[in-house]
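Close look at the chain arrangement
For reference, the chains in residue letters:
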Amino acid sequence: MDTETIWCRTLYGRKPVGNRRTRTESPALAEDAQPTESEKEIYNQVNVVLKDAEGILEDLQSYRGAGHEIREAIQHPADDKLQEKAWGAVVPLVGKLKKFYEFSQRLEAALRGLLGALTSTPYSPTQHLEREQALAKQFAEILHFTLRFDELKMTNPAIQNDFSYYRRTLSRMRINNVPAEGENEVNNELANRMSLFYAEATPMLKTLSDATTKFVSENKNLPIENTTDCLSTMASVCRVMLETPEYRSRFTNEETVSFCLRVMVGVIILYDHVHPVGAFAKTSKIDMKGCIKVLKDQPPNSVEGLLNALRYTTKHLNDETTSKQIRSMLQ
């Protein structure tokens, strides 16, 4: 079975039947990608994390912030009622932000488990993708979630505003020896880590990029190509599925296209962080011009977040080895 067929099945739920193909509408779930006995332990661990992913996205999508209450409190610093009202509005929101951050740690652990399974010897990356389709599917689902989370976060300035106000107010309360309800929720050490997390334009991608880099550095006995070839294979097949009319015409659900685009961008970014010369060099196994063209061929509003992720979350875009053509395509 060739690589494209493997990933056609794994990512998009297509299942070859003779010379015909059938497919499910779900972009993330292939009906036949059930875990084998050897996959089950890691699959079950990752599945526990993925089950909470949709709820995290729903909470983030509905996050409205406490901008009004904060402005009122700042404009009337002597009004205790307005101070209490702003604090009362911010504390539960910071509880949500804490939950998002803690989920990023769980997601990082899940990704590292999947990387270990999909890159281990003696099998090649392509053999892994064929043997462990259920784990490969979960890898793609993590990337899909990550890009969706970061797209929502990038368009919600209330998150950083709320957290900044929370920290300023907490600091003032400590100086004045005022008991701070909610301090037990987010202590100073955790608040510092959360601040670094939310300061990133794409915090979930940064978490996964760092995790992938750490995985490679901690597994020096594992050829780096085991990881980079796995990522480049995923990127290449996503691109082929999107740019080939024969495949693209079978997408009756636009969410399938979005899923494919997010997975493609996600693996490019991970590849760029892990590979010594990155994804943009001529020697890269990823056709970056082709991938960027696929993105540019979509309606602009639907891919601006993904293009920004390539612009601002990759490591090697501004290296001298990156061609002027690729740089101009991302301007």
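Keep in mind that this is a model prediction, so the values were computed, not measured. (Residues numbered from 1 in each chain as written. Predicted model: local features only at pLDDT ≥ 70, side-chain atom pairs only at ≥ 80, totals over all residues. Heavy atoms only, no water.)

**Focus: the packing of aromatic side chains**
Short version of the rule: Only Phe, Tyr and Trp rings are paired, with Trp represented by its six-membered ring, and only when their centres lie within 6.5 Å; those with planes under 30 degrees apart are stacked, over 60 edge-to-face, the remainder tilted. What counts as a helix is a DSSP run of H or I of at least four residues, what counts as a strand is a run of E of at least two, and both are numbered from the N terminus. Per-residue accessibility, obtained with a 1.4 Å probe over protein chains only, is compared with the maximum for each type, and a residue is labelled buried under 20%, exposed over 50%, and partly exposed between these values.
With the rule as written, the count across this model stands at eight aromatic pairs. The interplanar angle of 85 degrees and the centroid separation of 5.9 Å between the aromatic rings of F100 and F149 together place this pair among those described as edge-to-face. Here the residue F100 occupies a position in helix 5 (residues 80-119), and F149 occupies one in helix 7 (residues 133-154), the gap between them amounting to 49 residues. Arranged with centres 5.4 Å apart and planes meeting at 75 degrees, the rings of Y101 and F197 form a pair that is edge-to-face. Highlighted residues: Y101 in helix 5 and F197 in helix 9 (residues 188-199), separated in sequence by 96 residues. Using a relative accessible area of 7% as the deciding quantity, one classes Y101 as buried. These aromatic residues form a ring-pair network of at least three members: W87, Y101, F163, Y166, F197 and Y198.

**Looking at the layout of surface pockets**
Gaps left between atoms show up when a probe the size of a water molecule is rolled over them. Quick note on the threshold: Two kinds of site are reported from a 1 Å grid over the protein atoms alone, namely cavities, where a 1.4 Å probe fits but cannot get out, and pockets, open sets with protein on both sides within 12 Å along at least five of seven lines, and residues are called lining when an atom falls within 4 Å of a point. Grid points are joined across faces, edges and corners, and a volume is the space filled by probe spheres set on the points.
The space that makes up the largest pocket amounts to roughly 380 Å³. Along the walls of the largest pocket sit 14 residues, with Q83, Y165, T169, R172 and M173 positioned nearest its centre. Where the lining of the largest pocket is concerned, the elements lending two or more residues are helix 4 (67-75), helix 5 and helix 8 (158-175). Per element, the largest residue contribution to the lining of the largest pocket is five residues, and it comes from helix 8.

**Remarks on the pattern of salt bridges**
Heads up, the condition is: We define a salt bridge as a contact between a side-chain nitrogen of Lys or Arg and a carboxyl oxygen of Asp or Glu at a distance within 4 Å.
Evaluation of the coordinates by the stated rule reveals 15 salt bridges. A salt bridge links E54 to R148, with the nearest nitrogen and oxygen atoms 3.4 Å apart. Of this pair, E54 sits in helix 3 (residues 53-61) while R148 sits in helix 7, and the two are 94 residues apart along the sequence. Residue class for E54 comes out partly exposed when judged on its relative accessible area of 40%. In this structure, E243 engages R239 in a salt bridge whose closest nitrogen and oxygen atoms are separated by 2.6 Å. On the criterion of helical spacing, the pair formed by E243 and R239 is a turn pair, its members being four residues apart in helix 11 (residues 224-243). Overall, the relative accessible area of 12% leaves R239 in the buried class. Connected via shared salt-bridge partners are E151, E255 and R262.

**Focus: helix 2 (residues 40-50)**
Where we set the bar: For this quantity, the arc is that covered by the directions from the helix axis to the C-beta atoms. Note on definitions: a residue-residue contact is assigned when non-hydrogen atoms from the two residues lie within 4.5 Å.
Listed as buried for helix 2 are Y43, V46, V49 and L50. Buried residues along helix 2 cover an arc of 120 degrees about the axis, so they all sit on one side. For helix 2, the secondary structure elements touched by its buried residues are helix 3, helix 5 and helix 7.

**Things to note about the nonpolar core**
Applicable threshold: In this text, buried Ala, Val, Leu, Ile, Met, Phe, Trp, Tyr and Cys residues form a nonpolar core when linked through side-chain atoms within 4.5 Å.
In this structure, F139, I142, F145, Y166, L261, I268 and L295 are the most contacted members of the largest nonpolar core, which totals 102 residues. The greatest single-element share of this core, amounting to 18 residues, is contributed by helix 5. If we ignore the near neighbours within four places in the chain, the residues touching I142 are V46, L50, L107, A110, L111, L114 and L208.

**Side note on the environment of A281**
By secondary structure assignment, the location of A281 is in the loop between helix 13 (254-274) and helix 14 (288-296). Note: C-alpha distance between A281 and E320 (39 residues apart in sequence) is 8.9 Å.

**Considering the environment of R262**
Threshold: Two N or O atoms count as a polar contact when they lie within 3.5 Å, although within protein this holds only if one can serve as hydrogen donor and the other as acceptor, and sequence-adjacent residues are included solely when both atoms are side-chain atoms.
Summarising the element assignment, R262 is placed in helix 13. Leaving out residues up to four positions away in the same chain, R262 has contacts with H144, L147, R148, E151, E255 and L306. In this structure the side chain of R262 is engaged in a polar contact, spanning 3.1 Å, whose partner is the side chain of H144. Of the polar contacts made by the side chain of R262, one reaches the side chain of E151; its length is 3.2 Å.

**A word on helix 9**
Short version of the rule: Here a helix's expected span is defined as the number of its residues, less one, multiplied by 1.5 Å.
Taking 1.5 Å of rise per residue, the 12 residues of helix 9 would be expected to cover 16 Å, and the 16 Å separating its terminal C-alpha atoms lies within 8% of that figure. Here helix 9 has its buried residues at L190, A191, M194, F197 and Y198. For helix 9, the angular spread of buried residues about the axis comes to 120 degrees, placing them on one side. Among the exposed residues of helix 9, those pointing more than 90 degrees away from its buried face are E189, L196 and A199. Buried residues belonging to helix 9 abut helix 5, helix 7, helix 8 and helix 10 (203-218).

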